[in-house]
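Residues per chain are reported as follows:
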Amino acid sequence: MEKTKSTAPSSVPRHVAIIMDGNNRWAKKRLLPGVAGHKAGVDAVRAVIEVCAEAKVEVLTLFAFSSENWQRPAEEVGALMELFFTALRRETKRLNENEISLRIIGDRSRFHPELQAAMREAENRTAGNDRFVLQIAANYGGQWDIAQAAQRLAREVQAGHLRPDDITPELLQTCLATGDLPLPDLCIRTGGEHRISNFLLWQLAYAELYFSDLFWPDFKHDAMRAALADFASRQRRFGKTSEQIEAGARV
């Protein structure tokens, strides 16, 4: 009997990436300060982690703070940093209980040393977990990621360890912040906007894009399951024709 798309192994994305948008608008709609939306968004993070873990997604990457977000009002940025610090301390135990490994990608140099220390501590405490990888992009930008990878390779060329002709797309990819992980299969953006906003620019080249009108605090279990179901209904061709894909599936 032929398997349906919803039960085939390929119907589950190995790596899901999410742009968590709409916290401020969620709060504004309720006449609350913007930070209230960010706090409410923590519950959505927990819900999405639960659904991804149940579905046996291997990696979940959340866009928590972009390199452009420093331009926001100082009060909001300060509240976000405090929330990030608190969440790291509070959620690490929960991650360990669920065998989830935490990784943080991005340029950490602008964060307060105490927050940087909290990041390292949370990563170290969860490093042995192998059920699932939760990756947080903080002070991250896709252009920064590609630039830092190019700089690493340039230093290798300068040191005589590489020739310019040795640099391939595959080699550059290994130097990205996500270089040892599978590429995202599905990218979700909440909040009704239809753009990727400098998130994982290289890595999303062949990802399926899914846009939700829900503000991030409202994107809970059912919404995440709907996104996974939508992904399962799609045919991923990677430049091939539908006929080629279908013929390969019959082999």
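Remember, predicted model here, so these are calculated numbers, not experimental data.

Trainee: Pulling in residues and values, what's your account of the side chain of Gln 135?
Mentor: Within the secondary structure, Gln 135 is located in strand 4 (residues 132–140). Within the local environment of Gln 135, its side chain forms a polar contact with the side chain of Thr 61, the two groups lying 2.8 Å apart. Once residues lying within four places of it in the same chain are set aside, the contact partners of Gln 135 are His 15, Leu 60, Thr 61, Leu 62, Arg 103, Ile 105, Ala 177, Thr 178 and Leu 181.

Trainee: Can you lay out the UniProt feature "active site" (unreviewed entry) in the protein for me, pointing to particular residues and giving the numbers?
Mentor: Those residues carrying the UniProt feature "active site" (unreviewed entry) are Asp 21 and Asn 69 in this numbering. A compact arrangement is adopted by the annotated residues: their sequence extent is 49 residues, whereas the largest C-alpha distance between any two is 12.1 Å. Considering only the annotated residues already named, the ones lining the largest pocket are Asp 21 and Asn 69. Mapped onto the fold, Asp 21 is located in the loop between strand 1 (15–19) and helix 1 (23–29). On the accessibility criterion, Asp 21 (16% relative accessible area) is buried. Setting aside its immediate chain neighbours within four residues, Asp 21 contacts Arg 189, Thr 190, Gly 191, Glu 193, Leu 214, Phe 215 and Trp 216. Polar contacts involving the side chain of Asp 21 include one to the side chain of Arg 25, which spans 3.2 Å. As for its position among the elements, Asn 69 is in the loop between strand 2 (59–66) and helix 3 (74–97). Looking at Asn 69, its side chain comes within polar contact range of the main-chain nitrogen of Ser 66, at 2.8 Å.

Trainee: So what about the sheet that holds strand 4? Which residues, and what values?
Mentor: Read from one edge to the other, the open sheet built from six strands follows the order 3-4-2-1-5-6, with strand pairing classed as parallel. Edge positions in the sheet fall to strand 3 (100–105) and strand 6 (208–211), since each has one partner strand and no second. Put simply, the sheet's adjacent strands are angled 20 degrees from each other on average, direction ignored. The pairing of strand 3 with strand 4 spans six bridges and is parallel. Of the residues in strand 4, the one forming a bridge with Ile 100 is Phe 132.

Trainee: Mind laying out unusual backbone geometry, listing which residues take part and the relevant values?
Mentor: Of note in the backbone geometry, Asn 139 takes a positive phi value of approximately 50 degrees without being a glycine. Within the element layout of this structure, Asn 139 appears in strand 4. On the accessibility criterion, Asn 139 (4% relative accessible area) is buried. In the Ramachandran plot, Asn 198 falls in the positive-phi region, its phi being about 65 degrees despite a non-glycine side chain. Along the chain, Asn 198 turns up in the loop between strand 5 (186–189) and strand 6. Asn 198 sits in the buried class, given a relative accessible area of 13%.

Trainee: Account for the packing of helix 2 (residues 34–55) against helix 7 (residues 221–232), with residues named and values stated.
Mentor: Direction vectors running N to C along helix 2 and helix 7 enclose 45 degrees, while the axes themselves pass 8 Å from each other. Taken together, the axis directions place helix 2 and helix 7 in an arrangement best described as oblique. The interaxial crossing formed by helix 2 with helix 7 has right-handed handedness. Between helix 2 and helix 7, the residues in contact are Ala 47, Val 48, Glu 50, Val 51, Cys 52, Glu 54 and Ala 55 and His 221, Met 224, Arg 225 and Leu 228, respectively. Grouping the amino acids of the contact of helix 2 with helix 7 by side-chain chemistry returns seven nonpolar, one polar and three charged.

Trainee: Provide a residue-level description of the side chain of Ser 212, including the pertinent values.
Mentor: When you line up the elements, Ser 212 lands in the loop between strand 6 and helix 7. Once residues within four sequence positions are removed from consideration, Ser 212 is found in contact with Arg 189, Thr 190, Gly 191, Gly 192 and Phe 219.

Trainee: How would you explain helix 7 if you had to name every residue and give the values?
Mentor: In this model, helix 7 (twelve residues) spans 17 Å end to end at C-alpha, consistent with the 16 Å of a helix rising 1.5 Å per residue. For helix 7, the complete set of buried residues consists of Ala 223, Met 224, Ala 227, Leu 228, Phe 231 and Ala 232. Buried residues along helix 7 sit in contact with strand 1, helix 2, strand 5 and strand 6.

What counts, and at which threshold
Residues numbered from 1 in each chain as written. Predicted model: local features only at pLDDT ≥ 70, side-chain atom pairs only at ≥ 80, totals over all residues. Heavy atoms only, no water. Helix = DSSP H or I, 4+ residues; strand = E, 2+ residues; numbered from the N terminus. Polar contact = N/O pair within 3.5 Å; in protein donor to acceptor, adjacent residues only side chain to side chain. Contact = heavy atoms within 4.5 Å. UniProt positions renumbered as here; feature names shortened; annotations may be inferred. 1 Å grid on protein atoms, 1.4 Å probe; cavity = no way out; pocket = protein on both sides within 12 Å on 5 of 7 lines; lining within 4 Å. Buried < 20%, exposed > 50% of the residue type's maximum accessible area, 1.4 Å probe, protein only. Pairing = 2+ DSSP bridges. Axes fitted to C-alpha atoms, helices over the stretch in contact; angles between N-to-C directions. Parallel < 35°, antiparallel > 145°, perpendicular 65-115°, else oblique. Left-handed = near helix turned anticlockwise from the far one by under 90°. Nonpolar A, V, L, I, M, F, W, Y, C, P; charged D, E, K, R; others polar. Expected span 1.5 Å × (residues − 1).

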